Amino acid sequence: MLNIADTLRRWCREERPFALATVVDVTGSAPLPVGTSVAVDEDGNAVGSISGGCVEGAVYERCQQVLQEQDAPRRARFGYSDDDAFAVGLTCGGVLDVLIQRIDPAARPHLGAALTEAVEGRPAAVAQVVDGSFIGATLSVHGDSWTGDGVLGDEPVGRIVGDRAAAQLRSGRSGLVSLGGDADTCPERLTVLVHVAATRPRMLIFGAIDFAAALAQAGRFLGYHVTVCDARPVFATQARLPHADEVVVDWPHRYLAQTAVDARTAICVLTHDAKFDIPLLHVALDLPVGYIGAMGSRRTHDERLLRLREVGVTPEQLARLRSPIGLDLGARTPEETAISITAEIIAHAGRASGLPLGLGHGPIHRVSGAVPKTAPHREGTLTGTC
């Protein structure tokens, strides 16, 4: 849904009814994740994609049918057909379960309000019942309140769904959740898809060097809010780092100790200078962030590990450090190095191997959280940059 939030917000403002088709389950390999949507209005205008083109025509037809007949929400399944290569399906071999429902914005004002929050960069969540007798009901969370339609507009079911959607919003994660099954609150088991529009994850780059300028550009392209921090004011300028959202002049360890981080934050230490690196990494390795990488040669890396042990960093903490930073792509230029680093960040967040897809086995698109069968990371075993 959030992939087309801007258009949906406009349709909600115009109180224009539309059909919404949302991917609610994926089996095997599929091009787009759960939560991706297509919408069709009563004039036949369509926005979005759920399969990269494989099943869009069939989904469009079903959306028009739901709109014209004002049908109840329905689920449809699309998969590859071995018997007919030209049949509607996913040639990549996956199976998509899609929920198709009619949305009347006038009857769901909370939806337009949540979409506005999301488009304007403020945190919001929309919970959508995708299985159970309340299928199609929606609830929105933004600010300190929740508002729903149908059964989700009242206690106790609305409170259960609202509390879980708020928890998902705090974590910054969209996803399917199972709720209910409690005779005292919600007797029926529900499957709810929570669409989360969270604030942008942070990328903290320490060391205002040429590599930082390229990495800031790559990080911003990936959707990060990028901060570059350096204690040297002559280097830490917006003119040298035009793609950074903010440039901070401060000692790196002092800035990191007082700034906000979460499990999505990526910390990239590019200074490869012990007077900056050691106190900075001492702080970083004790924080609940998603990624910590440090630039330097293998010799620098070995010396860094020794110094960190001397100041009391534990083996468990050191195991979190990705150093030398980046994947072995043969990178030389700042731009190539930025790709090497961001590739490792993506692989680390997805718990992926970073190996060429041609050398792997099984589905290309794994279920979120699935762990590939690869060798565990050990200190100093990654081939990195610089």
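Everything below is about the structure shown above.
The present account deals with the structure reproduced in this document.

Definitions and limits used
- Residues numbered from 1 in each chain as written.
- Predicted model: local features only at pLDDT ≥ 70, side-chain atom pairs only at ≥ 80, totals over all residues.
- Heavy atoms only, no water.
- Salt bridge = Lys/Arg side-chain N within 4 Å of Asp/Glu carboxyl O.
- Helix = DSSP H or I, 4+ residues; strand = E, 2+ residues; numbered from the N terminus.
- Buried < 20%, exposed > 50% of the residue type's maximum accessible area, 1.4 Å probe, protein only.
- Phe/Tyr/Trp six-rings, centres within 6.5 Å; stacked < 30°, edge-to-face > 60°.
- Pairing = 2+ DSSP bridges.
- Axes fitted to C-alpha atoms, helices over the stretch in contact; angles between N-to-C directions.
- Parallel < 35°, antiparallel > 145°, perpendicular 65-115°, else oblique.
- Left-handed = near helix turned anticlockwise from the far one by under 90°.
- Contact = heavy atoms within 4.5 Å.

**Topic: the pattern of salt bridges**
- The tally for this structure, following the rule as stated, stands at 22 salt bridges.
- Arg108 serves as the salt-bridge partner of Asp149, at 3.5 Å between the closest nitrogen and oxygen. Of this pair, Asp149 sits in the loop between strand S8 (145-148) and helix H4 (157-171) while Arg108 sits in the loop between strand S5 (95-103) and helix H3 (109-119), placing them 41 residues apart in sequence.
- Classification of Arg108 by relative accessible area gives buried; the value is 14%.
- Sharing partners across several salt bridges, the network here consists of Asp6, Arg9, Glu117, Glu120 and Arg122.

**A closer look at the packing of aromatic side chains**
- In this structure the tally under the stated criterion is three aromatic pairs.
- Geometrically, the ring pair formed by Trp11 and Phe18 is tilted, given 5.7 Å between the ring centres and 50 degrees between the ring planes. Of the two residues, Trp11 and Phe18, neither departs from the other in class, the shared state being buried.

**A few points about the sheet that holds strand S12 (residues 225-230)**
- Taken in spatial order, the six strands line up as S13-S12-S11-S14-S15-S16 in an open sheet, and their pairing is parallel. Looking at which strands have only one partner, the edges of the open sheet turn out to be strand S13 (246-249) and strand S16 (321-322).
- Pairing geometry for strand S15 (residues 291-294) and S16, over two bridges, is parallel. Bridged to Ile292 within S16 is Leu321.

**Quick notes on the packing of helix H7 (residues 274-284) against helix H8 (residues 298-310)**
- Remark: H7 packs on H8, axes separated minimally by 10 Å, with the N-to-C direction vectors making an angle of 55 degrees. Judged on the interaxial angle alone, H8 and H7 are oblique. Classified by chirality, the crossing of H8 by H7 is right-handed. Every residue of H8 that contacts H7 at Ala274, Asp277, Ile278, Leu281 and His282 is listed here: Arg304, Arg307 and Leu308.

**So, the sheet that holds strand S1 (residues 18-27)**
- The strand order across the open sheet built from five strands is S3-S2-S1-S5-S4, with neighbouring strands paired in antiparallel fashion. Strand pairing shows two members of the sheet lacking a second neighbour, strand S3 (46-48) and strand S4 (74-79), which therefore form its edges. Neighbour-to-neighbour, the strand axes of the sheet open up by a mean angle of 20 degrees, direction not taken into account.
- Sheet topology places strand S2 (residues 37-41) next to S3; three bridges connect them, and they run antiparallel. The residue bridging Ala39 from the neighbouring strand is Val47, located in S3.

**Describing unusual backbone geometry**
- Cis peptide bonds are those with omega within 30 degrees of zero, and the linkage from Glu155 to Pro156 qualifies with -5 degrees.
- With respect to the helices, strands and loops of the structure, Pro156 is situated in the loop between S8 and H4.
- In this model, Glu15 sits at a positive phi of 50 degrees, which is unusual for a non-glycine residue.
- Relative to the helices and strands, Glu15 is located in the loop between helix H1 (5-13) and S1.
- With a phi angle near 35 degrees, His272 is a residue other than glycine that sits in the positive phi range.
- Along the chain, the position of His272 falls in the loop between strand S14 (266-269) and H7.

**Side note on H7**
- Buried residues of H7: Phe276, Asp277, Ile278, Leu280, Leu281 and Ala284, and no others.
- Looking at the buried side of H7, the elements it contacts are strand S11 (202-206), helix H6 (252-258), S14, S15, H8 and S16.

**What about the environment of Gln64?**
- Examined against the element boundaries, Gln64 turns out to sit in helix H2 (residues 56-69).
- For Gln64 and Ala39, which are 25 residues apart along the polypeptide, the C-alpha to C-alpha distance reads 9.8 Å.
- If near-sequence neighbours (up to four positions away) are discounted, Gln64 is found in contact with Val40 and Gly44.

Keep in mind that these numbers describe shape and distance, not what the molecule does.
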